[in-house]
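# Coordinate analysis (summary)
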Amino acid sequence: MSLENGLNALKQKRYAEAVQSLEDYCQYCQNSLGALSDHHSQEYSQAQAALVKAYSGNGENKKAIALCRKLENNPNSQVSNWAKKCLTTLTSKSTKTTPTKTTAKTVSKSRHKAGRVAQTGIRLAMKGIAGNLALASGVTISLLFGMVLVLALSLLLILNSNNPVTGLIIAVAITLIFNVAAFFISPWIMDLTQRWLYQTRWVTLADIQRYSPESAEVIERVCQEKNIKQPRLGIIDDQNPTAFTYGSLPNSARLVVSQGLFTYLDDDEIATVYAHELGHIVHWDFAVMTLAATLVQITYLIYSFARRISRGGGNSKGKDAAQTAAMVAYVFYIIGTYLVLYLSRTREYYADHFAAETTGNPNALSRALVKIAYGIVEEGQRAKEPSKLIEGTRSLGIYDHKAAASTGTAYRIASDSQKVGQVFLWDIFNPWGWWMELNSTHPLTGKRVRALTTYAEQMDLETEFDMATVVREGNQLSKKKLYGNFAVDIVLFNAQFIGSITGLMIASIVLSWTAQVTVLPSFMLFGFAVGTLIKTLVMYPDFKQSSKSDIFTLMCDPYASPLRGRPVKLQGELIGRADAGYKFGSDLKLQDRSGMIYTRYASRFGPIGNFLFGSSKVQNLIGSQVNVVGWFRRGIAPWLDLIQLESNNTTVNSYHRFWSLIVAVGAIILGFGLFFVL
């Protein structure tokens, strides 16, 4: 990891090797030097300048430009002047192509791009795509207000206190005051947090124009048309592409993007991302979401208050009333949480819709979403640990990075949009997709792309992705298999509970023949054990019949399930840990010729064994070529439960089934002990 190796490779025009060596050296400097100001040391600046040349020689012109723009801000005037001159040269020969990487397969530079309309501001229908935004916001807020009101009134009926309402009123008042204060102060708190965590630098509209001329035009035009103040514009020097907005009111909004957005996206695509974020500002999204979240917090506060009263002293009538109120409050809290998530997803659809209307270019936003996923995957393959920026801004960002693996992998290797669309089958047609989306702040990517494709069709444009073929293929899928498996999976998820209830029912029958009351807990344990065994056998089927596959093929399986494990064999390279910021993580990232997937390790010694494996063995495995056997699963993000991992000189066994079987056997032994001993 020496600077000399990278410079020698650059002199000999071994550009790919130079990029890798210089990137490793720069990353080492960032990790070891600590303070950002120390990064401007002479050797570090020399390495970055050499990396610009290596990027350019390796055909990664957009990365060279992005790094050059960063070096323009270097306090060393010599470095800054060199960067400005170099930037002029790079910009003149820059071509608008998809960024390429030195990986097993590169993104096709000849992928056709669908067009756009000449005018902007076209009205687009959203029927069948998302509910009415004003209605969704009004209904959600009204329901949450109603829940809070009903719960407050129910607490007024609690008589088991000298002043049962005072504590609640004070608690709610404090919550409201705190949230109102936080609402107006939060932009400045977020500013400090952004600068501390991600070194956000604030830029002018002229700076944005240098990066993306169309984005600057969109920002200026939208602010004029909507009569809002231009948001404060920020850039984070991170190559993971993302964008997000925060603030309290439209005139105090902040719009922040990462450097990776300019690296991976073309000018028109960047503009649609800015338009999407401006849509959040125009629609007052952060204000509405803050109000909704406050009402959910009050609902939970009422639950806690009533629960505390139900456990206190006093007459049983008051305690029963408080217990009932607590139960209802908790149900309302759960409902409120899902209402807020639904509102968040609806607002994402409307921000996409706003971007399509504002730019007249829904195809560019479709490409942007897919390229962002691609960029996240690419950067994930280059980093040994996941990005803290992507993890930390998951709910704020334009894209849920958990959903990036399948879409980014498809874009990485596919030469046409139809192949990219194959991974959307799961998003659109698998009922697990709908179920998982309920717990997400963002719609699934396939659904967003389908909505944007609808807008393109309304504009009589050629569509970027052939979603008509995807929908046609989806309609030909076996609905019986999709929904039958889903229904069975839901039952299996609750197998232990169902087994326990069944055991209790059988025990009640047996109890009529014998006076031995221990049959009740014994048979409940037997039922629990049977449920555990059945669930384990389905989740972890016989892996001896596992077949060879690749990551892209697995991600295109529309029938994939988070519960039913599919035994597979994969061959690839371990490229880093899966846990952001956790240096002792035992889960790993596996990359093969077609993509990347997270692998989960389970020690036979439980969490302690996982920690020891992560702290003592994982670092030595990173970079190894391995053969892996595991159970493939897919939720919003796909993953692999490891069975065995083999490198040249190491074999690692994982024990996902082990503890389930131990629990089942333990329940059986305990059940027999209660039945015969007691």
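Just so we're clear, the structure is a prediction, and the values are computed from it rather than from any experiment.

### Considering a nonpolar patch on the surface
Side chains of V491, F497, I498, I501 and M505 sit close together on the surface and give an oily, nonpolar patch of about 470 Å² of accessible area. Looking at the nonpolar patch element by element, the count peaks at 4 residues for helix α23 (residues 495–511). Note that I498 resides in helix α23.

### Overview of helix α1 (residues 3–11)
Among all positions in α1, only L3, G6, A9 and L10 are buried. All buried residues of α1 lie within an arc of 130° about the axis, which places them on one face of the element. Facing away from the buried side of α1 by over 90 degrees, the exposed positions are E4 and K11. Positive phi appears at K13, one or two residues downstream of α1, with a value of about 60°.

### Considering the packing of helix α22 (residues 479–493) against α23
At a closest axis distance of 5 Å, the pairing of α22 and α23 adopts a crossing angle of 65°. Accordingly, the angle class assigned to the pair α22 and α23 is roughly perpendicular. Of the residues in α23, those touching α22 at V491, L492 and F493 are A495, Q496 and I498. Class assignment for the residues of the contact of α22 with α23 results in 5 nonpolar, 1 polar and no charged.

### Focus on the pattern of salt bridges
Under the defined criterion, the tally for this structure stands at 17 salt bridges. Close ionic contact of D237 with R201 constitutes a salt bridge, the shortest N to O distance being 3.2 Å. One end of the pair, D237, is in the loop between β2 (232–236) and β3 (243–246); the other, R201, is in strand β1 (residues 201–203), with 36 residues separating them in the sequence. Of the residues examined, D237 reaches a relative accessible area of 31% and is grouped as partly exposed. Take R201: its relative accessible area is 17%, and that puts it in the buried class. Residues participating in the shared-partner salt-bridge network are D266, D268, E269, R367, K371 and E464.

### Here we look at the packing of aromatic side chains
Counting across every chain of the model gives 17 aromatic pairs. Look at Y264 and Y374: their rings are 5.8 Å apart centre to centre, the planes differ by 80°, and that puts the pair in the edge-to-face class. Taken together, the positions of Y264 in helix α10 (residues 259–264) and Y374 in helix α14 (residues 362–382) put the pair 110 residues apart, joining distant regions of the chain. Of the two residues, Y264 and Y374, both sit in the buried class. Cluster of aromatic residues (ring-pair linked, three or more members): W432, W434, W435, F486 and F493. Over the face of the ring belonging to Y559 we find K481, whose NZ or CZ atom lies 4.2 Å from the ring centre.

### So, the nonpolar core
Ranked by size, the top nonpolar core spans 87 residues in total, and within it F424 and L645 carry the most contacts. Examining the composition of this core, we find that 8 residues originate from one element, α14, more than from any other. Formed by 26 residues, the second largest nonpolar core is a distinct cluster that contains L3, A50, L51 and A64.

### Digging into the environment of S478
When you line up the elements, S478 lands in the loop between α21 (467–475) and α22. In this structure S478 comes out as partly exposed when scored by relative accessible area, which is 30%. A polar contact is formed between the side chain of S478 and the backbone nitrogen of K481, at a distance of 3.1 Å.

### Observations regarding the environment of N494
With respect to the helices and strands, the residue N494 is situated in the loop between α22 and α23. The exposure class assigned to N494 is partly exposed, which follows from its relative accessible area of 38%. Along the sequence, N494 and K535 sit 41 residues apart, while their C-alpha atoms lie 8.7 Å from each other.

### Some thoughts on the confidence of the model for the protein chain
Considering every residue of the protein chain, the mean pLDDT works out to 79; 77% of them sit at 70 or more. A low-confidence stretch, residues 34–39 stays under pLDDT 50, and its non-local contacts, those more than four residues away or across chains, total 9 contacts. Counted against residues more than four places away or in other chains, residues 95–110, with its pLDDT under 50, gives 40 contacts.

Rules and cut-offs
- Residues numbered from 1 in each chain as written.
- Predicted model: local features only at pLDDT ≥ 70, side-chain atom pairs only at ≥ 80, totals over all residues.
- Heavy atoms only, no water.
- Patch = residues over 30% accessible without salt bridge, like charges linked within 9 Å, V, L, I, M, F, W, Y side chains within 5 Å.
- Areas by Shrake-Rupley, 256 points an atom, 1.4 Å probe, with all protein chains shown as cover.
- Salt bridge = Lys/Arg side-chain N within 4 Å of Asp/Glu carboxyl O.
- Helix = DSSP H or I, 4+ residues; strand = E, 2+ residues; numbered from the N terminus.
- Buried < 20%, exposed > 50% of the residue type's maximum accessible area, 1.4 Å probe, protein only.
- Arc of directions from axis to C-beta.
- Axes fitted to C-alpha atoms, helices over the stretch in contact; angles between N-to-C directions.
- Parallel < 35°, antiparallel > 145°, perpendicular 65-115°, else oblique.
- Contact = heavy atoms within 4.5 Å.
- Nonpolar A, V, L, I, M, F, W, Y, C, P; charged D, E, K, R; others polar.
- Phe/Tyr/Trp six-rings, centres within 6.5 Å; stacked < 30°, edge-to-face > 60°.
- Lys NZ or Arg CZ within 6 Å of the ring centre and 35° of its normal.
- Core = buried A, V, L, I, M, F, W, Y, C linked by side-chain atoms within 4.5 Å.
- Polar contact = N/O pair within 3.5 Å; in protein donor to acceptor, adjacent residues only side chain to side chain.
- pLDDT = per-residue confidence, 0-100.

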